[in-house]
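Commentary on secondary and tertiary structure
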Amino acid sequence: MLSKQLREIFAKNKDSFTDILGQESAKQGIKSALLTNRHIIISGPPGIGKTTLAKNIAKLLPDIEVVDGCSYHCTPEEPVCPSCKQNDRHKTIKLEGIRRFVRIQGSPDLTVEDLLGDIDPIKALKFGPLSLEAFTPGKIFKANNGVLFFDELNRCPEKLQNAMLQVLEEGKTTIGSYDVDFDVNLIFIGTMNPEDSSTEKLSDVLLDRFDVIYMDYPEDTDTEKKIVMAKGNKIASVSDELLTLMVHFVRLLRQDEKLEKKPSVRASIGLYERSQSNALLKGRKNVQFQDIKDVLVSVLSHRIRLKPSVRYLESAENYLKEQFQKLLCSR
Ligand SMILES: [Zn+2]
């Protein structure tokens, strides 16, 4: 049902994902996957707008009439939660797409019960496993008729990944000793960070069931400058030349082979905002070169990590100062 709604929306608007600048190939890939109701994993480093993009999809969804007071967005025609299933008289309210966006943060502590729901075995005997008394719906139900954004799916235990997959593929799962039918209607968008070496990779079985959309840092300096200006706070004036310098420097660091952790767009925004603060604190209304230099270490040193072979010889702070100096000399 959701894919049908999106088909109409994509057909009407050529540029549907207006909240994200650039990223044309990712946008195209997502549209194409959504039209055939496929499950998506967006793979890419942090801070490139994965959440914004997923929220944008929810925003595009048309308003629907849902049961008033139900946190699972049941429609009177297709109730999914025990409470709406048991009561057949419903007052409804209108709900926008963006309010049907649910974000789940993947972590090793997340349990199948948190995600899918829990059944009280004693009450299940008396009232039935999916009764209002016995069944507590999990987080996934909150995304009913909307978008389930599962951030860093690869951080979850494999058991949970498999349960998730079964729900998406077969519309049923096992909770405790009960087989439960899931008629939840949702768009699933998971993410993973390919540079995150501290966590498990997603299993091949799981990956085989998803389409992976690759997203990367903004494609060029101009796009990144536009993002910085759109997202960053503006309290002093920044010349185009200095903004270019900040963004260019961050982009150089991303290409630097000595770094194993690279700075995201948040680093560019950080330089932009903090250099303005410094200017203001010094009683100026415009950012000068020295302001950038002064905030360099504070904004960037924890956002990069040198490869072990380099780390022994030099600190991130010194490395940053040196590279910045090099850039200036080369201009
Ligand atoms: Zn309900």
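Keep in mind it's a predicted model, so treat the numbers as computed, not measured.

**Comments concerning the overall build of the protein**
On a plain count of helices and strands, the protein comes out with 14 helices and 13 strands. Oriented by its inertia axes, the alpha-carbon framework of the protein measures out at about 75 × 45 × 35 Å. Taken across its 331 residues, the protein has 50% of its residues classed as buried. In the protein, of all internal contacts separated by at least 6 residues, the share reaching a separation of at least 24 is 74%. Of the accessible surface of the protein, which amounts to about 17000 Å², a share of 49% is contributed by carbon and sulfur atoms. Separation between the mean location of the 48 positive side-chain charges and that of the 47 negative ones in the protein comes to 6 Å.

**Some thoughts on the coordination of the zinc ion**
Only Cys70 (SG), Cys74 (SG), Cys81 (SG) and Cys84 (SG) from the protein coordinate the zinc ion, and they sit 2.3 Å from it. Taken together, the 4 donor atoms coordinating the zinc ion span angles of 105 to 113° at the metal, a pattern that classifies the geometry as tetrahedral.

**Section: the packing of helix H1 (residues 2-12) against helix H2 (residues 24-35)**
Axis separation between H1 and H2 bottoms out at 8 Å; the angle between their running directions is 135°. The orientation of H1 with respect to H2, classified from their angle, is oblique. Residue-level contacts link Ser3, Leu6, Arg7 and Phe10 of H1 to Lys31, Leu34 and Leu35 of H2. Taken together, the residues of the contact of H1 with H2 break down into 4 nonpolar, 1 polar and 2 charged.

**Details of the pattern of salt bridges**
Counted under the stated rule, the structure contains 17 salt bridges. The salt bridge involving Lys27 is made with Glu24; its shortest N-O contact spans 3.8 Å. Of this pair, Lys27 and Glu24 both sit in helix H2, 3 residues apart, which is roughly one turn of that helix. Take Lys27: its relative accessible area is 4%, and that puts it in the buried class. Residue Arg311 is joined to Glu260 by a salt bridge in which the shortest nitrogen-to-oxygen separation is 3.0 Å.

**Observations concerning helix H3 (residues 50-60)**
Those residues of H3 that fall on the buried side of the exposure criterion are Lys50, Leu53, Ala54, Asn56, Ile57, Ala58 and Leu60. Residues of H3 that are buried sit in contact with H1, H2, strand E1 (40-43), strand E4 (101-105), strand E7 (146-151) and strand E10 (186-192).

**Considerations on the nonpolar core**
Across soluble globular proteins, you tend to see nonpolar side chains buried next to one another. Among the nonpolar cores identified, the biggest contains 41 residues, and Leu116, Ile140, Leu148, Phe150 and Phe188 are the most heavily contacted of them. Looking at this core, the elements with two or more residues in it are E4, helix H5 (112-116), E7, helix H7 (158-170) and E10. Counting residues per element, this core draws most heavily on H7, at 6 residues. Phe249, Leu259, Val299 and Ala316 belong to the second-largest nonpolar core, a separate cluster that totals 32 residues.

**A few points about unusual backbone geometry**
The phi angle at Asn37 is positive, at roughly 65°, despite the residue not being glycine. The residue Asn37 is located in the loop between H2 and E1 in this model. A relative accessible area of 46% means that Asn37 is categorised as partly exposed. A positive phi angle is found at His73, which is not glycine, with a value near 55°. Relative to the elements of secondary structure, His73 occurs in the loop between strand E2 (64-67) and helix H4 (82-86). The buried category is assigned to His73, whose relative accessible area is 11%.

**Overview of the packing of aromatic side chains**
Under the criterion given, the structure shown has 8 aromatic pairs. When the ring of Phe188 is compared with that of Phe210, the centres are 5.5 Å apart and the planes differ by 50°; the resulting orientation is tilted. Of this pair, Phe188 sits in strand E10 while Phe210 sits in the loop between helix H8 (204-208) and strand E11 (211-214); the two residues are 22 residues apart in sequence, bridging distant segments of the chain. Here the two residues Phe188 and Phe210 agree in accessibility, since each one is buried. Their ring planes at 10° and their centres at 5.9 Å tell us that Phe289 and Phe324 sit as a pair that is stacked.

**Some remarks on the side chain of His73**
A distance of 3.2 Å separates the side chain of His73 from the backbone oxygen of Lys142, its partner in a polar contact. Apart from residues lying up to four places away in sequence, His73 is in contact with Val66, Leu95, Arg99, Arg100, Lys142, Asn144 and Asn145.

Conventions used here
- Residues numbered from 1 in each chain as written.
- Predicted model: local features only at pLDDT ≥ 70, side-chain atom pairs only at ≥ 80, totals over all residues.
- Heavy atoms only, no water.
- Helix = DSSP H or I, 4+ residues; strand = E, 2+ residues; numbered from the N terminus.
- Buried < 20%, exposed > 50% of the residue type's maximum accessible area, 1.4 Å probe, protein only.
- Contact = heavy atoms within 4.5 Å.
- Areas by Shrake-Rupley, 256 points an atom, 1.4 Å probe, with all protein chains shown as cover.
- Lys, Arg positive; Asp, Glu negative; His and termini not counted.
- Charge placed at Lys NZ, Arg CZ, Asp CG, Glu CD.
- Donors = N, O, S within 2.8 Å, 3.2 Å for Na, K, Ca; no water.
- Tetrahedral: all angles 85-135°; square planar, octahedral: opposite > 155°, others 65-115°.
- Axes fitted to C-alpha atoms, helices over the stretch in contact; angles between N-to-C directions.
- Parallel < 35°, antiparallel > 145°, perpendicular 65-115°, else oblique.
- Nonpolar A, V, L, I, M, F, W, Y, C, P; charged D, E, K, R; others polar.
- Salt bridge = Lys/Arg side-chain N within 4 Å of Asp/Glu carboxyl O.
- Core = buried A, V, L, I, M, F, W, Y, C linked by side-chain atoms within 4.5 Å.
- Phe/Tyr/Trp six-rings, centres within 6.5 Å; stacked < 30°, edge-to-face > 60°.
- Polar contact = N/O pair within 3.5 Å; in protein donor to acceptor, adjacent residues only side chain to side chain.

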